[in-house]
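For reference, the chains in residue letters:
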Amino acid sequence: MWKYIKVIFKCLPAIIFAYFSWMIKFSRHPEKYDIKLRFFKIQKLVRKVLRAFNVTISEINLNGFNSYNKNGKNRFIIANHLSDADPLIFIAYSKRPITFVAKKETAKFPLVGRVIKILDGEFIDRDDLKMQLKVFRNVENKMKSIPCLDWIIFPEGTRNKVNIKEVQEFHYGSFKPAMRNELDIYVFSLLGTQRILDKKCKNKSYVIPFKLNKVITSDEYKEKTTIEVSNYAYELCSDGVKELIPIDESYIAKFSKKH
């Protein structure tokens, strides 16, 4: 509980100021404001929150992720999903505007819901197939209309609460917007984000091992089906998580409060 008190003490004034000075107006009419302006204001706030939690991103094999921009197209990013903090890691790290598809319930959250709206994100109901198709069509259209905006989708569909060392099955439909727009697919793995918001975890610091496994280019998958690409990305992500396990365990031992 103390870590939440500390974060509130450090961040609440900045969050309140941001909420009333620009978040409300940006979320109501995002089209009136440049996406880069909106993103970098959100990023500044996210970085402040992560610093308050003593979060550090441990970069592993990112291979120029922040300098890559093929033909001015969007980048399509997928990763395993452990926590509500996962999108924050990508927002904090990226040097390009980035957004994501979130579950529909988050639309009602005062802060998170507004952040997604500000970043031109989309809300999805995993139990409504018709809505899913509509959302992915919206994503496809936004990819075309806002080429400087990258997209994150967590193909597992929900947070992994069972076994963080085993990636859950990917939903192949998640890859359709990227493949229809011939975007390169960035396959990431990460660990440790589930501890950031865990009230029972009292580590002094939270180091998040963050790995880019591979970029699957549009040329590489042009003859493949969405199921084949989904399975390939799943294997890459799973192998990446396995590589990160000993690294993550070393961070747990190093920054555990008892040390």
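Every chain is numbered on its own, with residues counted from 1 as its sequence reads. Local features in this predicted model are restricted to residues of pLDDT 70 or higher, and side-chain atom pairs are both shown and tallied only at a pLDDT of 80 or more, whereas totals for entire chains, interfaces and linings draw on every residue. Just so you know, side-chain values use all the structure's heavy atoms and leave hydrogens and water out.

Asks: How do you make sense of helix H3 (residues 86-93) when you look at a structure like this?
Replies: Two residues of an α-helix separated by three or four positions point the same way, owing to the 3.6 residues in each turn. For H3, the buried fraction is high: 7 of the 8 residues fall into the buried class. Three or more residues of H3 are buried, namely Asp-86, Pro-87, Ile-89, Phe-90, Ile-91, Ala-92 and Tyr-93. To sort residues, take the accessible area from a 1.4 Å probe on protein chains only and compare it with the maximum for the residue type: under 20% means buried, over 50% means exposed, and anything in between is partly exposed. Helix numbering and strand numbering both begin at the N terminus, where a helix is a DSSP run of H or I of at least 4 residues and a strand a DSSP run of E of at least 2.

Asks: Teacher, can you tell me more about the pairing of strand S7 (residues 206-216) here?
Replies: Regular strands place side chains that alternate from one sheet face to the opposite one. In terms of burial, S7 is a largely internal element, 9 of the 11 residues being buried. By the convention used here, strands pair only if DSSP detects at least 2 bridges between them. Strand direction decides the pairing type here: strand S1 (residues 55-60) and S7, joined by 6 bridges, are parallel. Within S7, the residue paired with Ile-60 across the bridge is Lys-211. Bridge analysis of strand S6 (residues 185-190) against S7 gives 6 bridges, and the strand direction is antiparallel. Along S7, the bridge assignment pairs Leu-190 with Phe-210.

Asks: Looking at this structure, I do not really get the packing of aromatic side chains. What am I missing?
Replies: Any Phe, Tyr or Trp ring, taking Trp's six-membered ring, that has another such ring centre within 6.5 Å forms a pair; planes under 30 degrees apart are called stacked, those over 60 apart edge-to-face, and the others tilted. In the structure shown here, the tally under the stated rule is 11 aromatic pairs. Their ring planes at 40° and their centres at 4.5 Å tell us that Phe-26 and Tyr-33 sit as a pair that is tilted. Accessibility expressed as a relative area gives 2% for Phe-26, which makes it buried. With relative accessibility at 24%, the residue Tyr-33 sits in the partly exposed group.

Asks: Would you take a moment to explain the nonpolar core for this structure?
Replies: The nonpolar side chains of a soluble globular protein tend to be buried, and buried together. Core analysis: the biggest nonpolar cluster contains 47 residues, and Phe-90 and Phe-188 have the highest contact counts within it. Of all the secondary structure elements, the ones that give two or more residues to this core are helix H1 (2-28), helix H2 (35-52), H3, strand S3 (98-103), helix H4 (112-118), S6 and S7. If you tally residues by element for this core, the top one is H1, at 9 residues. Leaving out residues up to four positions away in the same chain, Phe-188 has contacts with Leu-62, Phe-65, Ile-77, Ile-78, Ala-79, Asn-80, Phe-90, Phe-210, Lys-211, Leu-212, Asn-213 and Cys-237. Note on terminology: a nonpolar core comprises buried Ala, Val, Leu, Ile, Met, Phe, Trp, Tyr and Cys residues joined through side-chain atoms within 4.5 Å. Only heavy atoms enter the contact rule, under which two residues are in contact if any of them lie within 4.5 Å.

Asks: Help me understand unusual backbone geometry in this model?
Replies: The phi torsion of most residues other than glycine is negative, and most of the peptide bonds are trans. With a phi close to 60°, Asp-120 is a non-glycine residue in the positive phi region. Tracing the backbone through its elements, the reader meets Asp-120 in the loop between H4 and strand S4 (122-124). Positive phi, normally seen in glycine, also occurs at Glu-182, with a value near 55°. Here Glu-182 is to be found in the loop between helix H6 (176-180) and S6.

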